[in-house]
Amino acid sequence: DAKTTQPNSMESNEEEPVHLPCNHSTISGTDYIHWYRQLPSQGPEYVIHGLTSNVNNRMASLAIAEDRKSSTLILHRATLRDAAVYYCILRDNNAGNMLTFGGGTRLMVKP
Amino acid sequence: SAVISQKPSRDICQRGTSLTIQCQVDSQVTMMFWYRQQPGQSLTLIATANQGSEATYESGFVIDKFPISRPNLTFSTLTVSNMSPEDSSIYLCSVAQTLDRAAEAFFGQGTRLTVV
C-alpha cells in the first residue's frame, strides 16, 4: 500500500465539525482511500472509503482532492464518543486485501 | 457485515509458555488476518490465514513463533509460542468478505496479552 501522512493528534470541541487531513502524494490511479477508527480498548472499525468523488455516509464525509494526493475526513458534529485514533489507508489491487496501518491521528474531543 | 468473536479477551501468561487465540466469525469470509498492536503503537500485520494451507507471514514474523490455523471459512487460531515479555501486545483478528479492495474489513475486539 502507498504511504499516507497524518497529524499525530488533533483536538476538537464537542458538537463542532472536525476536519482530519491525510496526505497521500504517491497514490496510484487505482488506490482506494479508506478511513478506519479505533475507539479506546476496541478493534478498528470502518468509517468510509472513496476513489475519486466525495462520499457521505451516516458516520462522516470524505472529501478527496481533485489530484487525489490528499483527502479529508469530516465529522460534522463531534461527540465525546468520536474520540479515537483515525487511520487513513490506501488499498490497491496488490494489497491482498489486508490493511497497512500508519500512525493515525488521535482525536481528542473536549466537552 | 461480519461479527467476530475473539477468545480470550485478555490473559496473563508466564514467559516460556504458549497461548492460543481463537477467532470465530458469524459468516463465511474469504480473507482472515492476524494483527499485533504493541502498547501505544499502531497495528502491524502478522500474517494472512489461508484456509487449508500454510499462512502467509509478513516480514519479521515466522511460523515457529506464531503458528496459525484456518480449518474452515469461519474460524482461525493464532498461537504465540515460547512467550517473552516483548510479546505483550493486543492481538487482533480481521476479516474481509471479498477480495474487492473497496470492501470493508471487520475486526475483533482483540486479545490483550501480558507476559510476565
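So, a few notes on the structure that sits alongside this text. (Residues numbered from 1 in each chain as written. Chains lettered and ligands numbered in written order. Predicted model: local features only at pLDDT ≥ 70, side-chain atom pairs only at ≥ 80, totals over all residues. Heavy atoms only, no water.)

**Here's the deal with the overall build of chain B**
Spelled out, the test is: By the criteria applied, helices consist of DSSP H or I runs no shorter than four residues and strands consist of E runs no shorter than two, each listed in order from the N terminus. To sort residues, take the accessible area from a 1.4 Å probe on protein chains only and compare it with the maximum for the residue type: under 20% means buried, over 50% means exposed, and anything in between is partly exposed. The contact criterion used throughout is that any non-hydrogen atoms of two residues lie within 4.5 Å. Throughout, the Shrake-Rupley method with a 1.4 Å probe supplies accessible areas, and for residues the shown protein chains are the sole cover considered. Here Asp and Glu are counted as negative and Lys and Arg as positive; His is not counted, and neither are the chain ends. For charged residues, the charge sits on one atom: NZ in Lys, CZ in Arg, CG in Asp, CD in Glu.
For chain B, the count of helices and strands is 0 helices and 11 strands. Mapped from its N terminus to its C terminus, chain B presents α and β elements in the order β-β-β-β-β-β-β-β-β-β-β. Taking the principal axes of its C-alpha atoms as reference, chain B extends roughly 40 × 25 × 25 Å. Buried residues in chain B amount to 50% of all 116 residues. Intrachain contacts of chain B at a sequence separation of at least 6 include 55% that bridge at least 24 residues. With an accessible surface of roughly 5500 Å², chain B has 47% of that area assigned to carbon and sulfur atoms. Taken together, the 8 basic and 9 acidic charged side chains of chain B have centroids lying 6 Å from each other.

**Focus: unusual backbone geometry**
Most peptide bonds adopt trans geometry, and most residues besides glycine take a negative phi value. The linkage connecting B:K7 with the following residue, B:P8, adopts the cis geometry, with an omega of -5°. A positive phi angle, near 70°, is found at A:E15, a position not held by glycine. By secondary structure assignment, the location of A:E15 is in the loop between β1 (9–13) and β2 (18–23). Residue A:E15 is classed as exposed on the basis of its relative accessible area, which comes to 52%. A positive phi angle is found at A:R68, which is not glycine, with a value near 65°. Inspection of the secondary structure assignment puts A:R68 in the loop between β6 (61–64) and β7 (70–75).

**Side note on the sheet that holds β6(A)**
Residue and element names in this part refer to chain A. Short version of the rule: Strands were regarded as paired on the criterion that DSSP finds at least two bridges between them.
As summarised here, the arrangement of the 4 strands in space is β2-β7-β6-β5, forming an open sheet in which the pairing is antiparallel. With partners counted over all chains shown, the strands left at the sheet margins are β2 and β5 (55–56), one partner each. With 4 bridges connecting them, β6 and β7 associate as antiparallel partners. Across the sheet, the residue bridging to A63 is T72, located in β7.

**What to know about the pairing of strand β9 (residues 105–110) of chain A**
Residues and elements named next belong to chain A. Burial along β9 is one-sided: the residues T105, L107 and V109 are buried and none of R106, M108 and K110 is. Pairing geometry for β1 and β9, over 5 bridges, is parallel. Pairing of M10 across the sheet is with L107, part of β9. Examined bridge by bridge, strand β8 (residues 84–91) and β9 share 3 bridges and lie antiparallel to one another. In the sheet register, A84 faces β9, and the bridge partner there is L107.

**Considerations on the layout of surface pockets**
For the record, the criterion: Only protein atoms enter the 1 Å grid used here, on which a cavity is any set of points holding a 1.4 Å probe that cannot leave and a pocket is any open set flanked by protein within 12 Å on both sides along at least five of seven lines; residues with an atom within 4 Å of a point are listed as lining. Grid points are joined across faces, edges and corners, and a volume is the space filled by probe spheres set on the points.
One number sums up the size of the largest pocket: a volume of about 620 Å³. The wall of the largest pocket is formed by 32 residues, among which A:Q38, A:S41, B:Q37, B:I90 and B:R112 lie closest to the centre. Every element with two or more residues in the lining of the largest pocket is listed here: β8 and β9 of chain A together with β9 (89–96) and β11 (111–115) of chain B. For the lining of the largest pocket, the element with the most residues is β11(B), which contributes 4 residues.

**Some thoughts on the environment of B:W34**
Topologically, B:W34 is positioned in strand β4 (residues 31–37). Placed 76 residues apart in sequence, B:W34 and B:G110 show a C-alpha to C-alpha distance of 10.0 Å.

**Some points on the packing of aromatic side chains**
For clarity, the cut-off: When two rings of Phe, Tyr or Trp (its six-membered ring) have centres within 6.5 Å they constitute a pair, described as stacked for plane angles under 30 degrees, edge-to-face for angles over 60, and tilted for the intermediate range.
In total, this model carries 8 aromatic pairs over all chains according to the counting rule given. Between the aromatic rings of A:Y36 and A:Y46, the centroid separation amounts to 5.7 Å while the plane-to-plane angle is 75°, which identifies the pairing as edge-to-face. Separated by 10 residues along the polypeptide, A:Y36 in strand β3 (residues 32–38) and A:Y46 in strand β4 (residues 45–50) bring together distant segments of the chain. Residue A:Y36 shares its accessibility class with A:Y46, and that shared class is buried. On the basis of an interplanar angle of 75° and a centroid distance of 6.2 Å, the ring pair of A:Y36 and B:F107 is categorised as edge-to-face. Of this pair, A:Y36 sits in strand β3 while B:F107 sits in strand β10 (residues 105–107), placing the two residues on different chains. In this pair, the class of A:Y36 matches that of B:F107, namely buried. Within the aromatic cluster, the residues linked to one another by ring pairs are A:Y36, A:Y46, A:Y87, A:F101, B:Y35 and B:F107.

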